[in-house]
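Structural overview
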Amino acid sequence: MKSLLTFCIIQTLIVCTFAQDIKWGEELNKKRSSTISSIIGVDGENTYAIMYHRPMSINGMKADDNYYITRFDQSYNIKEQEELSFKEKSTNLDYAYTLFLDGKLYSFAIFDNYKLRRRFLFVYELDKNSLKVKSGPKKIAETNISKVKYSPSFTGSLKREKGEIMHAVSNDRSHLVLLSRGYVETEKPAEFLVQVFDGDMNLIWEQNETTEKDDQLFDIRGVVVDNLGNVNILTQEFFKLDKDIEKSKEKLKAKTVIDGKPNYQYSLMSYRNKGTETKAYLLKPEEGFLRKIRMETNNRNDLIIFGFFGNEKSYENTQGFYYQTIDGTTGEVSSERFEYFSQEFIDEFAEKEKDKGRDELWNVNAYAIIPAKNGDFIVLGEFFRSTTSTTYKPDGLDEGFRTTQYYNYGDILIWRVNPQNGIVWYDIIPKYQRTAVASIASSGMDYFYVDDANRVRGGVGSFIWAAMDDGIKMLYCEDPKQKEDFKKKKSGVTSDFVWSLVEVSWDGESSEQILKNNIPQKAWLVPGACSQTGPSKMLLLANERWTYQLGTIIFR
C-alpha cells in the first residue's frame, strides 16, 4: 500500500487476524436452472429472497421464467414460499423486482399493451408472513413503447427499445424514485418523468422534464434519491452523429470519438425540495474521457460522484480520476478534482498484472463508493477483462457451435479520497478468479457453468464488502494456487477453492486470512446475492452445483 501522507502500511497473510463466527442454514437442493437471484432484505428474524427458475428451451422455444419470493427464519430454513405471478383483471403481468420500503414488502410488475403502445408499472404489497398479496395492484407509472414485441425484461432498468422505467431507493429505505422515459421513433427533444414515492407508495412529487437535446443523442446513465426525497440524475449527451453509419428507424448511432476528440459530455440534473429547485452541473475533466461513473449519497445527504478518465487511445484505458461532491444542505458544489494516477501506483499495478511499461490502468471498474465519517470516502474497484472463444462439437446432445464468454477478475483496488486534497492512500489486494457463460447456438440453450479450478460464479463483480466501525471487510473465493502458503490436505489434494477475508482499516492498514472453519464443502460465494445486514454482520449465499445455503458471518 502506498500513501500520499507517507503512511507506512504492513500487508501480511494471517490465519487468524480478526475473530468471526459463521453460521449456516440447512443445505437446500435445487434444480440445475434454479437459484437465488437476489436477497431482498432482513426484517427482524426473517430474511427474504427471490428464487429464480429458468425452464429449459424446447425446440428453440423458451418458456416463461418463474420467480418465487421465499422467507427464511433466523436459522436460514425456508418457512414460506410463493410464486410471484400477477394479473390485472384477466391480463398476465411480467414480474419486475421486489423491494423493502419502510418495513413494507412490495413487488412490482409490468404490462406492455402493444395496441395502445404503453408500458404500465404496477405495485403490490405482500404480507411479510404469508407472502401473499396484501393489497394491489396499483398503477404507479407508465410510458410509451415501440410497436415491436420484445421479450420481457426483468431488471429495474428496462430496455430502452421498449421505453424504460428506472428505479432507485434511498439509503434509509424511506423513498423510491421512478424515472420513466418513453420510446421515440423520430427526432425530437428527450423527455422523461421523475416520480418520488414514500414508504407507503404515496406519490410525494413528480415532474416532467423536456431537454434541449435530441432524444437520439441523449442517454440517462443513473439516478439516485436521498433520504429527503431529493433526486440526482446522471445524463450523457452526444454532440454529433456519425454520418458513416446508416440511419435506422429505431435510433441514430453516435460515436464516442470523432477526429480523435471526445464526442460526449456528462451532466448532473438535480431536483431538490420536492422538485421545486432544479439545477444542472457539468461533469468535465480538464482533458480526456470521463467514464465508469458512480454516484452515492452519505448520511448527510451529500452527493458523491466518482469516475475514471482516460485519453482517446482506448475506451478501457484509465489515467486518473475525477470527482465532484455536492452539499446536501445548500445544493452547491463543495469540491471538484481532476487528478492523474501517480506513476508509482501504475507501476505497482502493472507489475502485479505482469505487464510492465504501462502509463495507465486498463480494464478497471469502480463498484462502490463508501462514505467515511469525516467526509472522506472509499472507492472500491477491480481489474476485469473478458474474452470470447467459439468451438464446435460435432455430435451428441450438445451438437453445435458453443460460444463461451470468460470473465477474468483480478486485483481489488482501493482508494481513500479526501474531497479537498485527493487520494489519501491506496491499496492493491492481489487475487484472480475466472467465470464463464456458454451458449449452444443450434439448440438455443443458454446456461452457466463454473471453472473447475475456481468454483466461482459472478457477473456483478467477484467480491462482497461491508463498511464497519473498524474498517472495510471484503470476502471472495479464488483459486488456491494464488495462495503460496495454502497447504495441501493429508490426501495430497487441495480444495477446489479458498475463501479469503480481507480487512482494510479506515487508516489504511490491511490484513488477510483464509477461512477454513465452517465453510461449505465444494461451495462458492455468490457476490450478487450477498449484502451487509447489520453493523457487524454480512449475509452470505454459498452455491454448489445442486445445492445452496444461506448464512451469516458475524465479526466480534
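1. Description of the overall build of the protein chain
Counting its secondary structure elements, the protein chain contains one helix and 43 strands. Every one of the 556 residues in the protein chain was classed for burial, and the buried ones make up 53%. For the protein chain, long-range pairs separated by at least 24 residues make up 54% of all intrachain contacts whose partners lie at least 6 apart in sequence. A total of about 26,500 Å² of accessible surface is found on the protein chain, and carbon and sulfur atoms cover 46% of it.

2. Details of the nonpolar core
Formed by 34 residues in total, the largest nonpolar core has its most connected members in Ile36 and Trp499. For this core, the element with the highest residue contribution is strand β42 (residues 537-543), accounting for five residues. For isoleucine 36, the residues in contact, after removing those within four places along its chain, are Ala49, Ile50, Met51, Phe72, Ala529, Leu541, Tyr548 and Leu550. By size, the runner-up hydrophobic cluster in this structure holds 24 residues, among which are Ile369, Val379, Leu413 and Ile423.

3. Focus on the pattern of salt bridges
Pairing between side chains becomes possible if they bear opposite charge and their charged atoms approach one another. In this structure the tally under the stated criterion is 18 salt bridges. Where glutamate 164 meets arginine 181, a salt bridge forms, and the shortest distance between an N and an O atom there is 3.8 Å. Of the two residues, glutamate 164 is situated in strand β14 (residues 164-169) and arginine 181 in strand β15 (residues 176-181); the sequence distance between them amounts to 17 residues. The same class applies to glutamate 164 and to arginine 181, which are both buried. Here glutamate 332 makes a salt bridge to lysine 279, at a shortest N to O gap of 3.1 Å. You can see glutamate 332 sitting in the loop between β27 (320-326) and β28 (333-340) and its partner lysine 279 sitting in strand β23 (residues 277-283), a full 53 residues away along the chain. Given the relative accessible area of 42%, glutamate 332 is considered partly exposed. When salt bridges with common partners are traced through the structure, they connect Glu164, Arg181, Asp215, Asp219 and Arg221 into a single cluster.

4. Comments concerning the packing of aromatic side chains
Each aromatic ring pair is described using two quantities: the centre-to-centre distance and the angle formed by the ring planes. In total, this model carries 29 aromatic pairs according to the counting rule given. For the pair phenylalanine 345 and tryptophan 415, a centre-to-centre distance of 5.8 Å together with 70 degrees between the ring planes defines the contact as edge-to-face. Here tryptophan 415 lies in strand β32 (residues 400-418) and phenylalanine 345 lies in helix α1 (residues 343-352), a separation of 70 residues in the sequence. Of the residues examined, phenylalanine 345 reaches a relative accessible area of 2% and is grouped as buried. The ring of phenylalanine 555 has lysine 473 sitting right over it, with the charged end atom 5.0 Å from the ring centre.

5. Topic: empty space enclosed by the protein
Considering all chains together, one arrives at three cavities of 30 Å³ or more under this definition. Volume-wise, the largest cavity comes out at about 80 Å³. Taken together, 13 residues form the lining of the largest cavity, with Asn232, Arg272, Asn301, Leu303 and Ile326 sitting closest to its centre.

6. A word on the pairing of strand β3 (residues 20-24)
Alternating positions in β3 separate cleanly, Gln20, Ile22 and Trp24 being buried on one face and Asp21 and Lys23 remaining unburied on the opposite face. By the bridge criterion, five bridges tie β3 to strand β43 (residues 547-555) in an arrangement that is antiparallel. For isoleucine 22, the partnering residue across the bridge sits in β43 and is isoleucine 553.

7. Considerations on the pairing of β15
Every other side chain in a regular strand lies on the same face of the sheet, so the side chains alternate between the two faces. Summarising burial for β15: six of the six residues are buried, a large majority. Both faces of β15 are covered, namely the face carrying Leu176, Leu178 and Ser180 and the face carrying Val177, Leu179 and Arg181. Bridge count for β14 against β15 is six bridges, and the pairing is antiparallel. When the bridges of β15 are listed, glutamate 164 appears paired with arginine 181. Joining the antiparallel neighbours β14 and β15 is a turn of six residues, in which arginine 173 adopts a positive phi near 60 degrees. Where β15 meets strand β16 (residues 189-197), five bridges bridge the pair, whose relative direction is antiparallel. Looking across to β16, one finds that valine 177 is bridged to valine 196.

8. Notes on the sheet that holds strand β13 (residues 133-144)
Spatial ordering of the open sheet is given by β9-β10-β11-β12-β13, a layout of five strands whose pairing is antiparallel. Either end of the sheet is taken by a strand with one partner, and the two such strands are β9 (86-88) and β13. Strand-to-strand twist of the sheet, defined as the mean angle between neighbouring strand axes without regard to direction, takes the value 35 degrees.

9. Focus on the sheet that holds β27
With antiparallel pairing, the four strands of this open sheet are ordered in space as β24-β25-β27-β28. The sheet is open, and its two borders are formed by β24 (289-297) and β28, each paired with just one other strand. Direction aside, neighbouring strands of the sheet carry axes that sit 15 degrees apart on average. Judged from the seven bridges that link them, strand β25 (residues 303-310) and β27 form a sheet pairing that is antiparallel. Looking at β27, one finds that glycine 307 is bridged to tyrosine 322.

10. Describing the state of the cysteines
Counted according to the given criterion, the structure contains zero disulfides. Of the cysteine sulfurs around cysteine 477, a residue in no disulfide, the closest is that of cysteine 530, at 9.0 Å.

11. A short note on the environment of lysine 292
Along the chain, lysine 292 falls in strand β24. The spacing of lysine 292 and phenylalanine 308 is 16 residues in sequence and 6.1 Å in space, taken between C-alpha atoms. Polar contacts involving the side chain of lysine 292 include one to the main-chain carbonyl oxygen of valine 364, which spans 2.9 Å. A polar atom in the side chain of lysine 292 sits 3.5 Å from the side chain of asparagine 365.

About the cut-offs
- Residue positions are given per chain, counting from 1 as you read along its sequence in written order.
- Restriction of local features to residues with pLDDT of at least 70 applies here, the model being predicted, together with a cutoff of 80 or more for giving and counting side-chain atom pairs; totals for whole chains, interfaces and linings are based on all residues.
- Hydrogens are left out, water is left out, and the side-chain values use all remaining heavy atoms of the structure.
- What counts as a helix is a DSSP run of H or I of at least four residues, what counts as a strand is a run of E of at least two, and both are numbered from the N terminus.
- Accessibility here uses a 1.4 Å probe with only protein chains present; expressed as a share of the type maximum, an area under 20% marks a residue as buried, one over 50% as exposed, and anything in between as partly exposed.
- Residues are treated as being in contact if the distance between any of their heavy atoms lies within 4.5 Å.
- All accessible-area figures derive from a Shrake-Rupley calculation using a 1.4 Å probe, and residue coverage is judged against the displayed protein chains alone.
- Residue types Ala, Val, Leu, Ile, Met, Phe, Trp, Tyr and Cys, when buried and joined through side-chain atoms within 4.5 Å, form a set referred to as a nonpolar core.
- By definition here, a salt bridge exists when the distance from a side-chain nitrogen of Lys or Arg to a carboxyl oxygen of Asp or Glu is within 4 Å.
- Put simply, two rings from Phe, Tyr or Trp (the six-membered ring, in Trp's case) pair if the centres are within 6.5 Å, and we call them stacked under 30 degrees between planes, edge-to-face over 60, tilted for the rest.
- The criterion is that NZ of a Lys, or CZ of an Arg, lies within 6 Å of the ring centre and within 35 degrees of the ring normal, and then a charge sits over that ring.
- A cavity, in this analysis, means grid points on a 1 Å lattice covering only the protein atoms where a 1.4 Å probe fits yet has no way out; a pocket is instead an open set bounded by protein on both sides within 12 Å along at least five of seven lines, and a residue lines either one if it has an atom within 4 Å of a point.
- Grid points are joined across faces, edges and corners, and a volume is the space filled by probe spheres set on the points.
- Here, any two strands with at least 2 DSSP bridges between them count as paired.
- Convention adopted: a line fitted to C-alpha atoms gives each axis, helices being fitted over their contacting stretch, and angles between N-to-C directions are expressed from 0 to 180 degrees.
- Note on terminology: disulfide denotes any pair of cysteine sulfur atoms within 2.5 Å.
- Whenever two N or O atoms come within 3.5 Å, that pair is a polar contact, provided that in protein one can donate a hydrogen and the other can accept it, and provided that, for residues adjacent in sequence, both atoms are side-chain atoms.

Interpretation in functional terms is not warranted from these geometric data alone.
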